[in-house]
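Listed below, chain by chain, are the residues.
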Number of protein chains: 2
Amino acid sequence: MTIIERAKAAKRASIRLAALDSATKDKALEAIAIRLEERKSEIIAANDKDYARSIEEKLDGPLLKRLRFDEEKLSGVIDGIRSLKKLADPVGQTKLATQLDNGLDLYRVSCPIGVIGIIFESRPDALVQISTLCLKSGNSVLLKGGSEAANTNRILADIIREASVEAGLPEGWIQLIETRSDVNEMFKLSDDIDLLIPRGSNAFVKYIMDNSNIPVLGHADGVCHIYLHEDADETKIEPIIVDAKTQYVAACNTVETLLVNESAAKRFLPIVKAALEAKQVELVGCEKTRAIIDIGEATEEDWSTEYVDYKLSIKVVSGLDEAIDHINTYGSSHTDAIITEDEEVARKFMALVDSANVFWNCSTRFSDGFRYGFGAEVGISTSKIHARGPVGLDGLMIYKYKLIGHGQTVNDFNSGKLTYKHTALGQNCPL
Amino acid sequence: MTIIERAKAAKRASIRLAALDSATKDKALEAIAIRLEERKSEIIAANDKDYARSIEEKLDGPLLKRLRFDEEKLSGVIDGIRSLKKLADPVGQTKLATQLDNGLDLYRVSCPIGVIGIIFESRPDALVQISTLCLKSGNSVLLKGGSEAANTNRILADIIREASVEAGLPEGWIQLIETRSDVNEMFKLSDDIDLLIPRGSNAFVKYIMDNSNIPVLGHADGVCHIYLHEDADETKIEPIIVDAKTQYVAACNTVETLLVNESAAKRFLPIVKAALEAKQVELVGCEKTRAIIDIGEATEEDWSTEYVDYKLSIKVVSGLDEAIDHINTYGSSHTDAIITEDEEVARKFMALVDSANVFWNCSTRFSDGFRYGFGAEVGISTSKIHARGPVGLDGLMIYKYKLIGHGQTVNDFNSGKLTYKHTALGQNCPL
């Protein structure tokens, strides 16, 4: 099948998938979990092949690590599927119910978006997570993973398709895209694909936005900040900063720039330096910072750099307003935190910092779908519409309006024969 | 100021506007209403100029009618502003509250999107409606109206800016774009403009999607359907079809294609023909239709045409499944209705028709923000993400996550010292 035919097949399947009952979807999830367990040795053998070839091709260490799909990772994704099964069906929830008039009832009801195109990095576990999230939310999915993981992705997609279709899902709901030319074709199929979710670098997300008119839910860089206000509790500074910088440096919710209130800089900066240098973090700072502690020089470029490494830039600011301005200018609207004991200061920070996640007195590392209690995560969105921050099943949903009448016309109301009531209905949509 | 400087000014203003209290915004709305009333004669004089020039330039009748901004239309928009003032502030509403652990509380709080770019047709009342909707929802706005209405738009934008800034709104929140070259520049400013809302034809919306990587909330054509199931109540058929087709032919929620169940076609089609021909509606139909009633021939093109006129296409279908397939193939996912007495048939129709609005036994013309009780309307979206169907203030909102802690780190949880509780909090975000 060509990519166009496959997108059309996914679209057709999405119509039936949207109307599928929760029990069939959960049965399919269980069937996938069982089949993955049963075919464990084949999956691991396929991954061994990818791994061996990638070593030959001298793939980077971190990429090799992400490519590895061993027994432990497989059991992790199987656990994930069983957790997902337990979550409430996000389809068919009544979000608004209004009586327009007697016997004319309006309902806003959640429904799947339709067909989702997902382009993800080399981690094969992402394929399982994302496709089962799409299944639970009633969306068809076109998947493009990293070519390093081609054998692993192929067997995983085959297993998911077979097990789910046997359990009653419509044929065509899941499609694996394997070539780059198919991906570029896919970007043009705005009639059949409703949303693209790229998981990768900022440049990658921007490339897709420039090359497709399908809506994009961007998952881009995190240039995250912590601002130390003058009244920050010294006992909170060290644990929060050490956690936010070093708990897992490769994450997008890791802090990259520390902003310090000028009037407390002499007190705070030596604490920060001692704590982070003990963790082998390289520090660079502005001139005012370097007048207090002996560290490297930060350039203009540092303020907008996501290091994803043991490195932190530090800037002394005149106060809350400059901190907010700096974050809104150089940040990536991802996750930013303030350490202060003053509720009014925290309130202003959280209102004026234009980021998906704004934190008071805790680590930026909490910015995550699992930690937020969403049970499953598509990724972390830096978009300003549809879904922002950690995206769970909700982010794969939209709604439709259902209006149930008994022969009413607009003219009945315009002529004055009937009058709009617009009263809230305390019930779910009956169909 | 260049368009780039103006977009940056709007972005700066949006940060302050997002944190503005409800009272100041409502004071600004009242000030705008008063100032529009005070400067009535100047506004009407400006519109007279636009009108006279458009007559000289031989503008079409319907466009001339929409351009007219007289005392009645002015008093209509002033009433609209006072209704908008009464609506609850959509900013700062707690949409989700979860205790991650003792003293670590997560809130999802509604906030404005930021900067909205709106391109609208010649109606000057749209300028007032849209900019006051943006004000109420805390968004900055860049407006581009039709050049026919240049004088009217200029004085309206001036009045709104002056009155609102005097009442405490940040300078720069509203910007009028007057030239086509500025609009094309605007499409490139994805750093400062968060969402484009075009109100116009399908082709126009598609042009913008192809020429900008700013997200677009499309307001496109409505190719709406009514399907008459075999058990349709004959007393409901005539009023609903007449209303849906003729109550206001220029609207996007007007029916364009009627689908009739084959087994009842002989009964229903003569009723339809008599009712619509009495209203001077031209009918075209498929072969099976024309074997029953004497009307013109429908071509393949008819099935996807929005007539916006006294014309209707009719197709005989074998049953519910073919009706659903036809709508999903040729429709524009706008508004589609079924007439049936069977709840299970209605349920299937409403689940499988992939449209923003699916109706049972009532006119498609109800698909409208005011009729739905939203109090104000941005337009009707045919997008599949963010906001779908009639869009009220909600469609101009997004959310941010606020996490309030007491020094917690992710390592506290990973090490087992603390455990995620993820219990629902029955309270609004305290800040």
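Every chain is numbered independently, its residues counted from 1 as its sequence is written. For this description, chains carry letters from A and ligands carry numbers from 1, given in the order in which they are written. The predicted nature of this model means local features are confined to residues of pLDDT at least 70 and side-chain atom pairs, given and counted, to a pLDDT of 80 or more, with totals for whole chains, interfaces and linings taken over all residues. Only hydrogens and water are set aside; all other atoms, that is, all heavy atoms of the structure, feed into the side-chain values.

Peer 1: Quick question: what am I supposed to make of the overall build of chain A here?
Peer 2: Secondary structure elements are defined from DSSP: runs of H or I of at least 4 residues count as helices, runs of E of at least 2 residues count as strands, and each element is numbered from the N terminus. Assigned secondary structure in chain A consists of 15 helices and 17 strands. Oriented by its inertia axes, the alpha-carbon framework of chain A measures out at about 75 × 70 × 35 Å. Contacts were defined at the residue level, with two residues in contact if any of their heavy atoms lie within 4.5 Å. Here the analysis covers contacts within chain A between residues at least 6 apart in sequence; of these, 72% occur between residues at least 24 apart. Surface accessibility of chain A: about 16,500 Å² in total, with carbon and sulfur atoms responsible for 48%. We score Asp and Glu as negative and Lys and Arg as positive, and we do not count His or the chain ends. Where a charge sits is defined by one atom per residue type, namely NZ (Lys), CZ (Arg), CG (Asp) or CD (Glu). Of the charged side chains in chain A, 51 are positive and 65 negative; the average position of the first set lies 5 Å away from that of the second. Calculation of accessible area relied on Shrake-Rupley with a 1.4 Å probe; when residues are assessed, cover is drawn exclusively from the protein chains displayed.

Peer 1: Could you clarify how one ought to interpret the relation of the copies chain A and chain B in this entry?
Peer 2: Each copy of the chain is related to the other by a rotation around an axis and a translation along that axis. The atoms used to superpose the copies are C-alpha atoms, taken from residues with pLDDT of at least 70 in both, and the fit is least squares. The two copies are related by a screw motion: chain A maps onto chain B through a turn of 180° and a shift of 0.0 Å along the axis, at an RMSD of 0.0 Å. In the structure described here, the two chain copies are related by an operation that fits a two-fold rotation axis. For chain A, the minimum C-alpha distance to the rotation axis belongs to His 386 of chain A and amounts to 2.0 Å. Looking at chain A, 100% of its interface residues are interface residues in chain B too, so the copies touch through the same face.

Peer 1: Can you walk me through the packing of helix 5 (residues 71-86) of chain B against helix 6 (residues 124-137) of chain B in this structure?
Peer 2: Two packed helices can be described by the angle between their axes and the distance between those axes. Residue and element names in this part refer to chain B. One way to put it is that helix 5 packs onto helix 6 with a least axis distance of 10 Å and a crossing angle of 10°. The angle between helix 5 and helix 6 falls in the class roughly parallel. Of the two possible hands of crossing, helix 5 and helix 6 adopt the one that is right-handed. Contacts from Lys 73, Val 77, Ile 81, Leu 84 and Lys 85 of helix 5 reach helix 6 at Asp 125, Val 128, Thr 132, Leu 133 and Lys 136. Basically, the charged four are Asp, Glu, Lys and Arg, the nonpolar ten are Ala, Val, Leu, Ile, Met, Phe, Trp, Tyr, Cys and Pro, and anything else, Gly included, counts as polar. Partitioned by chemical class, the residues of the contact of helix 5 with helix 6 number five nonpolar, one polar and four charged. To obtain each axis, a line is fitted to C-alpha atoms, and for helices this fit is confined to the stretch in contact; angles are then taken between N-to-C directions over 0 to 180 degrees. Angular relationships are summarised with four words: roughly parallel below 35 degrees, roughly antiparallel beyond 145, roughly perpendicular across 65 to 115, and oblique for the angles in between. Helix crossings fall into two classes, left-handed where the near helix is turned counterclockwise from the far one by less than a right angle and right-handed where it is turned clockwise.

Peer 1: Is there a simple way to explain the side chain of Ser 54 of chain A in this structure?
Peer 2: Tracing the backbone through its elements, the reader meets Ser 54 of chain A in helix 3 (residues 40-56). In this view, Ser 54 of chain A contacts Leu 59, Leu 64, Leu 67 and Glu 148 of chain A; residues no more than four positions away in its chain are not counted.

Peer 1: Explain the packing of helix 2 (residues 22-38) of chain A against helix 5 (residues 71-86) of chain A to me, please; I cannot follow it from the model alone.
Peer 2: Residue and element names in this part refer to chain A. Relative orientation of the contacting elements helix 2 and helix 5 amounts to 165°, with a least axis distance of 9 Å. By the criterion of interaxial angle, the relationship of helix 2 to helix 5 is roughly antiparallel. Handedness of the crossing formed by helix 2 with helix 5: left-handed. Packed against helix 2, whose contacting residues are Asp 26, Leu 29, Glu 30, Ile 32, Ala 33, Ile 34, Leu 36 and Glu 37, the element helix 5 presents Leu 74, Ile 78, Ile 81, Arg 82, Leu 84 and Lys 85 at the interface. Taken together, the residues of the contact of helix 2 with helix 5 sort by class into nine nonpolar, no polar and five charged.

Peer 1: Explain the interface of chain A and chain B to me, please; I cannot follow it from the model alone.
Peer 2: How big an interface is tends to be stated in terms of accessible area lost as the parts join. Contact residues are listed per partner, giving 80 residues for chain A and 80 residues for chain B. Salt bridge, as applied in this entry: a Lys or Arg side-chain nitrogen positioned within 4 Å of an Asp or Glu carboxyl oxygen. Our count for the contact surface shared by chain A and chain B stands at four salt bridges. Asp 194 of chain A is paired through a salt bridge with Lys 384 of chain B; the nearest N and O atoms lie 3.8 Å apart. Throughout this description, a polar contact denotes any pair of N or O atoms lying within 3.5 Å of each other; where both atoms belong to protein, one of them has to be capable of donating a hydrogen while the other can accept it, and for residues adjacent in sequence the pair is counted only when both atoms sit in side chains. Applying the counting criterion to the chain A and chain B interface returns 39 residue pairs in polar contact (both at pLDDT 80 or more). Of the residues forming the side of chain A that touches chain B, the biggest block, eleven residues, is contributed by strand 16 (residues 397-408) of chain A. Here the side of chain A that touches chain B is built from residues that sort into 40 nonpolar, 21 polar and 19 charged. Inspection of the sheet shows strand 16 of chain A paired to strand 13 (residues 357-362) of chain B by five bridges, in the parallel sense. The partner of Gln 408 of chain A across the bridge, within strand 13 of chain B, is Cys 362 of chain B. At least two DSSP bridges between two strands are required for those strands to pair.

Peer 1: Could you clarify how one ought to interpret the domain arrangement of chain A in this entry?
Peer 2: All names here are of chain A. For every domain, the bounds stem from an assignment made automatically or drawn from a database. Looking at chain A, the domain boundaries give domain 1 (3-220 + 384-396) and domain 2 (224-366). Every contact between the two is made by five residues of domain 1 and, on the other side, five residues of domain 2. Accessible area, probed at 1.4 Å, shrinks when two parts are joined; the buried area is that loss added up over both. Taking both sides of the interface into account, the surface hidden between domain 1 and domain 2 amounts to around 370 Å²; carbon and sulfur atoms contribute 41%. On the surface where domain 1 and domain 2 come into contact, there are two salt bridges.

Peer 1: When you look at the environment of Asp 233 of chain B in this model, what are you seeing that I'm missing?
Peer 2: All names here are of chain B. Here Asp 233 lies in the loop between strand 7 (224-228) and helix 10 (234-246). Along the sequence, Asp 233 and Tyr 107 sit 126 residues apart, while their C-alpha atoms lie 49 Å from each other. Sequence-distant contacts of Asp 233, that is, excluding residues within four places in its chain, are made with Ile 339 and Glu 341. Among the polar contacts listed, one links the side chain of Asp 233 to the side chain of Thr 235, at a separation of 2.8 Å.

Peer 1: So what exactly am I meant to see when it comes to unusual backbone geometry here?
Peer 2: Outside of glycine, negative phi angles account for most residues, and trans bonds account for most peptide bonds. Residues and elements named next belong to chain B. At Lys 58, a residue that is not glycine, the phi angle is positive and equals roughly 55°. Checked against the element boundaries, Lys 58 lands in the loop between helix 3 (40-56) and helix 4 (61-67). Per-residue accessibility, obtained with a 1.4 Å probe over protein chains only, is compared with the maximum for each type, and a residue is labelled buried under 20%, exposed over 50%, and partly exposed between these values. A relative accessible area of 71% means that Lys 58 is categorised as exposed. Despite not being glycine, His 386 shows a phi value in the positive range, around 70°. By secondary structure assignment, the location of His 386 is in the loop between strand 14 (379-381) and strand 15 (389-391).

Peer 1: Before we go on, may I ask you to explain the pairing of strand 9 (residues 282-285) of chain B in this structure?
Peer 2: Look at any regular strand and the pattern is simple: side chains alternate between the two faces of the sheet. Residues and elements named next belong to chain B. Here strand 9 runs beside strand 11 (residues 311-317); their pairing, made up of four bridges, is parallel. Looking across to strand 11, one finds that Glu 282 is bridged to Lys 311. Relative to strand 10 (residues 296-297), strand 9 runs parallel, the two being bridged by two bridges. Residue Val 284 lies in a different strand from strand 10, and its bridge partner there is Gly 296.

Peer 1: Before we go on, may I ask you to explain the pairing of strand 8 (residues 255-261) of chain B in this structure?
Peer 2: Residue and element names in this part refer to chain B. Counting buried positions along strand 8 yields seven of seven residues, so the element is predominantly enclosed. Note that strand 7 and strand 8 share five bridges and pair parallel. The residue of strand 8 that forms the bridge with Cys 224 is Val 255. Taken together, strand 7, helix 10 and strand 8 form a β-α-β motif whose crossover is right-handed. If the strands point away from the viewer and the path from the first strand over the helix to the second runs clockwise, then the crossover is right-handed.

Peer 1: Please explain the pattern of salt bridges as it appears in this structure.
Peer 2: Opposite charge on two side chains makes pairing possible when the charged atoms of those side chains draw close. Per the stated rule, a full pass over the model turns up 76 salt bridges over all chains. Connected via shared salt-bridge partners are Arg 35, Glu 38, Arg 39, Glu 42, Glu 162 and Glu 166 of chain A.

Peer 1: Whenever I open this one, empty space enclosed by the protein confuses me. Can you help?
Peer 2: Take a probe with the size of a water molecule and roll it over the atoms, and the empty space left behind shows itself. The method works on a 1 Å grid over the protein atoms by themselves. A cavity is a set of points holding a 1.4 Å probe that cannot get out, a pocket is an open set with protein on both sides within 12 Å along at least five of seven lines, and residues with an atom within 4 Å of a point line them. Grid points are joined across faces, edges and corners, and a volume is the space filled by probe spheres set on the points. Scanning the model with the defined rule gives one cavity of 30 Å³ or more in all. Quantified by volume, the largest cavity comes out at close to 260 Å³. Taken together, 19 residues form the lining of the largest cavity, with Pro 215 and Val 216 of chain A together with Ile 214, Pro 215 and Val 216 of chain B sitting closest to its centre.

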